[in-house]
Amino acid sequence: MDRPESPGRVATTTSTTRSTHPARSSSTRRRTPASGPRAAAATAVALGLALAGAPAAATAAEPPDVTAAEPPDVTVVADGLVGPLSLDATPRGDVVVAQSFAGLLTRLDRTGGRTDLVALPGEEVAGVSAPSAAGVLYTHSLGEGPDAVANLERVDRRGRVQVVADLAAHERGANPDGGTVYGLRDTAQSCLDQLPEGFPGRYTGEVYSHPYATARMRGGRTAVADAGGNALLSVDVRGRVDVVAVLPAQPAVLTADVAAQNGLPDCVVGQTYWFEPVPTDVETGPDGALYASLLPGGPEDPSLGARGSVVRVDPRTGAVTTVLDGLLAATGVAVGDDGTVYATELFGGRVVALAPGADAPTTVLEAELPAAVELAGGDLWVTTQALGPTGQVLRVDL
């Protein structure tokens, strides 16, 4: 399919595509453990995908139990959206949603009207930040690897588009995770030599930028979750890009079942594979910290466990702390004024909330393929059915 795929490369037992963003050809690129919302078309059919090329596993498992909340009042704000992977909303109820598979940035007004602010057919639009006096921020991606287009852009009220920052150029110069070792870090070379051709045994972060989400920071800066670069970035008003944090690699133990499903040698069983973290959303909390959802590379199904998470990042020091884990494909995060953290589980089919001091999250909403989540005007805004042409925006009364 020629439409945008998700943040990381996705490998299945039958084909290799990219998960929710511009496709990357596995024939010319290393099949590294990828990830991303768009394990979509292929994923909905077969959840045995390996993000970025990790082992595609088999056995499904139920998401961890949480305390169910009372069913909320839900309003369908819009439907018939093509891959609504990102949105933002204003307290007045105006919504801007990225129809990522159609290359559209669409404004939804309170009366149900729709206006396409940006149209880039065949390219990816995501990472929406709600309107300000200067316009709407979004990310624009096309292609893969060192030659990819990866921009932070702004469209103003007159429809004029400005490139705020060339994130691909920053990645080529900095490659923030270039010193991170992924794969089988501690496995003997004699075992690595037995891996199937194309299976990434051990490698360092490649040069690849795939900006997937944005959020406004204090001081006029914009935070960017780079799902290709595995880092959180900040962009100032002049377009200067800085690295806030390189996110930590995500460990998972390879089981005998995973090895058998992927034709791996017995010597990898029990070994720890360090997957790419793949940040899919970022928000600024009331404490000024950044909160990011991680969709760790590897199988997007639960064969290695529900490994998605939300982390808190101190923008001053880059220190990373896990605040919520055990999520099945975490693709969206929002943070309330009281510090409550909300997250979507794309393949868990729900939105969960973790209140300050709580031991476990509660289920706020059960929905099909929820992707993005935002808080505005006392309501929760969620995109659902996000991996096809029947996507919706829901308003959830909290």
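Structural data are supplied above this passage.
Residue numbers run consecutively from 1 along every chain, following the written order of its sequence. Selection of residues for local features in this predicted model requires a pLDDT of at least 70, selection of side-chain atom pairs for listing and counting requires 80 or more, and totals for whole chains, interfaces and linings are taken over all residues. To obtain the side-chain values, all non-hydrogen atoms of the structure were included, while hydrogens and water were left out.

Participant: I'm lost on the overall build of the protein chain in this one. Help?
Facilitator: When its secondary structure is counted, the protein chain shows 4 helices and 33 strands. Within the span of the protein chain, comprising 398 residues, buried residues form 59% of the whole. Restricting to contacts in the protein chain with at least 6 residues of sequence separation, those with at least 24 account for 52%. Residue exposure ignores everything except the shown protein chains as possible cover, and the areas themselves are Shrake-Rupley values with a 1.4 Å probe. For the protein chain, the computed accessible surface area is about 15,000 Å², with 47% contributed by carbon and sulfur atoms. Where helices and strands are cited, they refer to DSSP runs of H or I of at least four residues and of E of at least two residues respectively, numbered from the N terminus. Accessible area is worked out with a 1.4 Å probe on protein chains only. A residue is then buried under 20% of its type maximum, exposed over 50%, and partly exposed in between. Throughout, a residue-residue contact means that at least one pair of heavy atoms, one from each residue, lies within 4.5 Å.

Participant: Would you explain the packing of aromatic side chains in this entry?
Facilitator: Ring pairs (aromatic) are described by centroid distance and by the angle formed between their planes. Any Phe, Tyr or Trp ring, taking Trp's six-membered ring, that has another such ring centre within 6.5 Å forms a pair; planes under 30 degrees apart are called stacked, those over 60 apart edge-to-face, and the others tilted. Within this structure, the stated rule accounts for 3 aromatic pairs. An aromatic cluster is present here, built from F199, Y273 and F275 joined pairwise through their rings. Our definition puts a charge over a ring when NZ of Lys or CZ of Arg is within 6 Å of the ring centre and also within 35 degrees of the ring normal. Above the ring of W274, the side-chain terminus of R185 is found at 4.2 Å from the ring centroid. Just above the ring of F275 sits the side chain of R307; from NZ or CZ to the centre is 4.7 Å.

Participant: Can you walk me through the sheet that holds strand β16 (residues 211–216) in this structure?
Facilitator: Adjacent strands of a sheet pair through backbone hydrogen bonds, lying either parallel or antiparallel. Taken together, 4 strands build an open sheet; the order of strands is β16-β17-β18-β19 and the sheet is antiparallel. In this open sheet, the two strands that pair with only one neighbour each are β16 and β19 (241–246). The mean inter-strand angle of the sheet, taken between neighbouring strand axes irrespective of direction, is 25°. In this scheme, strands are said to pair when DSSP sees at least two bridges between them. Fitted lines through C-alpha atoms give the axes, limited to the stretch in contact for helices. The angle between two N-to-C directions lies from 0 to 180 degrees.

Participant: I would appreciate a short explanation of unusual backbone geometry in the present structure.
Facilitator: Trans peptide bonds make up the majority, and among non-glycine residues the majority have a negative phi. Residues other than glycine seldom take positive phi values, yet N230 does so here, at roughly 60°. Residue placement: N230 occurs in the loop between β17 (222–226) and β18 (231–235). Positive phi, normally seen in glycine, also occurs at V278, with a value near 50°. Here V278 is to be found in the loop between β21 (272–275) and β22 (279–284). Residue class for V278 comes out buried when judged on its relative accessible area of 1%.

Participant: Help me out: how do you make sense of the environment of G229 in this one?
Facilitator: Mapped onto the elements of the fold, G229 is located in the loop between β17 and β18. A relative accessible area of 1% means that G229 is categorised as buried. Separated by 58 residues in sequence, G229 and E171 place their C-alpha atoms 7.2 Å apart. Dropping the residues within four chain positions of it, G229 is found in contact with E171, D177, Y208, S209 and H210.

Participant: What's the story with the layout of surface pockets in this structure? I'm lost.
Facilitator: Where empty space is left can be seen by rolling a probe of water-molecule size over the atoms. Here a cavity denotes a set of grid points, spaced 1 Å apart and computed over the protein atoms alone, in which a 1.4 Å probe fits but from which it cannot get out, and a pocket denotes an open set meeting protein on both sides within 12 Å along at least five of seven lines; residues with an atom within 4 Å of a point are reported as lining. Grid points are joined across faces, edges and corners, and a volume is the space filled by probe spheres set on the points. Put simply, the largest pocket is a space of about 620 Å³. Along the walls of the largest pocket sit 28 residues, with E283, T284, V335, E374 and L375 positioned nearest its centre. Looking at the lining of the largest pocket, the elements that each hand over two or more residues are β6 (84–89), β10 (124–132), β16, β22, β27 (330–335) and β31 (373–376). The leading source of residues in the lining of the largest pocket is β10, at 4 residues. Under the scheme applied, nonpolar residues are Ala, Val, Leu, Ile, Met, Phe, Trp, Tyr, Cys and Pro; charged residues are Asp, Glu, Lys and Arg; polar residues are all the others, including Gly. Taken together, the residues that form the lining of the largest pocket break down as 13 nonpolar, 8 polar and 7 charged. A volume near 180 Å³ is recorded for the second largest pocket. In this structure, the second largest pocket is lined by 15 residues; those nearest its centre are L137, R154, R216, G220 and T222. Residue assignment for the lining of the second largest pocket shows that the elements contributing at least two residues are β11 (135–142) and β12 (149–155). The class makeup of the residues in the lining of the second largest pocket is 7 nonpolar, 4 polar and 4 charged.

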